[in-house]
Amino acid sequence: MRILLAGGAGYIGSHTALALLKAGHDVVIVDNYCNSSPEAVRRVEELAGRSVEVFEADVRNPSAVLKSMTDKPVDGVIHFAGLKAVGESVRMPLAYYRNNIDTTLTLLECMGQAGIKNIVFSSSATVYGEEAPVPYLESMPRGRCSNPYGWTKSMMEQILEDAALADHELSVVLLRYFNPVGAHESGRIGEDPLGTPNNLMPYISQVAVGRRDLLTVFGGDYPTPDGTCRRDYIHVMDLAEGHVKAVEYGAGRTGVDVFNLGAGVPYSVLQMIRAFEAASGVSVKYVIGDRRAGDLPEFWADAKKASRVLGWQTSRTLEDMCRDAWNWQKNNPMGYPKS
Ligand code: NAD
Ligand code: UFG
């Protein structure tokens with residue numbers, strides 16, 4: 001199949017591009033590089049030994065998106081193109097609603113014009129909301145989100161569901177990611193956040209490599225086994241392979257399907273620090289600080305549906321996640337070369 005990745009130069013998109021190429025699919029990427037680098041795509045091509053067609057464009061630009069969909073026939077779309085920093089979304093809600101909702105509407109409208117009927121969407125565990133019991137199951141309703149980023153995901157799921165109700169030929173697969181971490185085992189592609197990392201694993205890696213002095217653990221008094229928050233960390237290559245299964249599953253089907261993509265096992269912040277230290281042999285200096293606004297004490301996936309229906313499950317361990325995150329960070333201490 002020929003798959004269009006909107007936002008395919010980013011962290012999850014680049015790893016998914018590689019997994020798709022390795023599985024024998026062709027890849028076309030539309031990205032404006034607002035949070036990524038063309039170097040990521042170049043390295044994907046190098047690792048796959050195959051080329052990727054790239055359209056440098058804003059996914060909110062209908063003529064550019066339509067061109068990327070009609071130059072050569074496209075069989076499916078995976079929509080990664082979004083802004084994703086939770087704290088920034090609180091400060092700049094309109095930018096988040098504008099970018100994330102507009103990219104989704106533009107993709108759907110252009111797919112309609114190009115006759116493409118298969119879309120996979122990057123959603124998030126955050127849509128289960130603040131009050132859902134753990135583990136999260138796909139059959140639970142979407143809940144109240146604690147920030148505009150989360151609301152954009154919830155709204156985009158609704159938009160996609162409504163589009164599928166109106167077009168009986170459309171297939172929508174909503175993938176609710178838990179906490180993606182790690183990098184491709186080569187250490188050539190990985191997570192390269194702009195500025196100070198918001199997420200735990202890149203922060204730990206940057207302390208280990210000496211780019212930052214100290215990790216602050218956000219809260220040590222949660223009602224969890226060691227007092228720090230617990231999350232369901234998933235290796236980004238397991239997640240990437242989940243997208244291959246999802247887009248293949250969506251081809252020729254209709255209607256909406258929802259899948260949790262997580263490992264189904266929670267680890268605490270302190271467990272993550274210790275696992276990283278063991279895998280890297282480097283100590284990570286940290287202090288326990290205040291809680292971060294909006295954090296939930298713990299959540300993890302019930303990931304059985306993806307296993308049953310997609311035939312997908314995680315195969316990489318916590319040690320693999322930490323080893324590969326470190327391999328990427330130590331080989332690319334400042335991330336991708338900046339032009
Ligand atoms: P990322 O920022 O690395 O990738 C997003 C890509 O989209 C970037 O390459 C960026 O340049 C591009 N982009 C954004 N807006 C665009 C626009 N208007 N036009 C063209 N390109 C645009 O993020 P990621 O971690 O790879 O996440 C991918 C998707 O998965 C996002 O939608 C994110 O919300 C979602 N998600 C991520 C996580 C996570 O922890 N990383 C968790 C749940 C869901
Ligand atoms: N944490 C720290 N210190 C840091 C960064 C994070 O202690 O410097 C802690 C957080 O408090 C949390 C855990 O590490 O307990 C994980 O935090 P992340 O920011 O890495 O991840 P979140 O669970 O907050 O959020 C992530 C994505 C969201 C997504 C959510 C659910 O960033 O986009 O998972 O999928 F919505």
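Look above for the structure.
Residues numbered from 1 in each chain as written. Chains lettered and ligands numbered in written order. Predicted model: local features only at pLDDT ≥ 70, side-chain atom pairs only at ≥ 80, totals over all residues. Heavy atoms only, no water.

Draft legend 1. Structural context of the overall build of the protein chain. When you go through the protein chain residue by residue, the secondary structure sums to 11 helices and 13 strands. Computed over C-alpha atoms, the radius of gyration of the protein chain comes to 19 Å, within 12% of the 20 Å expected from 2.2 N^0.38 for 339 residues, which places it in the range of a compact globule. By its C-alpha atoms, the protein chain is 55 × 40 × 40 Å across when sized along the principal axes. Taken over 339 residues, the protein chain has a buried fraction of 54%. Looking at the protein chain alone, contacts between residues at least 24 apart form 79% of all its contacts between residues at least 6 apart. If you sum the accessible surface of the protein chain, you get close to 14,100 Å²; carbon and sulfur atoms cover 51% of it. Across the protein chain, the mean location of the 34 positive side-chain charges is 2 Å away from that of the 40 negative side-chain charges. (Helix = DSSP H or I, 4+ residues; strand = E, 2+ residues; numbered from the N terminus. Rg over C-alpha atoms; globule rule 2.2 N^0.38 Å. Buried < 20%, exposed > 50% of the residue type's maximum accessible area, 1.4 Å probe, protein only. Contact = heavy atoms within 4.5 Å. Areas by Shrake-Rupley, 256 points an atom, 1.4 Å probe, with all protein chains shown as cover. Lys, Arg positive; Asp, Glu negative; His and termini not counted. Charge placed at Lys NZ, Arg CZ, Asp CG, Glu CD.)

Draft legend 2. Structural context of the site of ligand 2. Inspection of the region around ligand 2 gives 22 residues, with Ser124, Asn199, Thr216, Arg231 and Asp295 positioned closest. Notes on ligand 2: free accessible area 690 Å², of which the protein chains cover 91%. Broken down by secondary-structure element, the contributors of at least two residues to the shell around ligand 2 are helix H7 (200-208) and strand S8 (215-218). Here the shell around ligand 2 gets four residues from one element, more than from any other, and that element is S8. Residues that form the shell around ligand 2 fall into these classes: 13 nonpolar, six polar and three charged. (Near = heavy atom within 4 Å. Nonpolar A, V, L, I, M, F, W, Y, C, P; charged D, E, K, R; others polar.)

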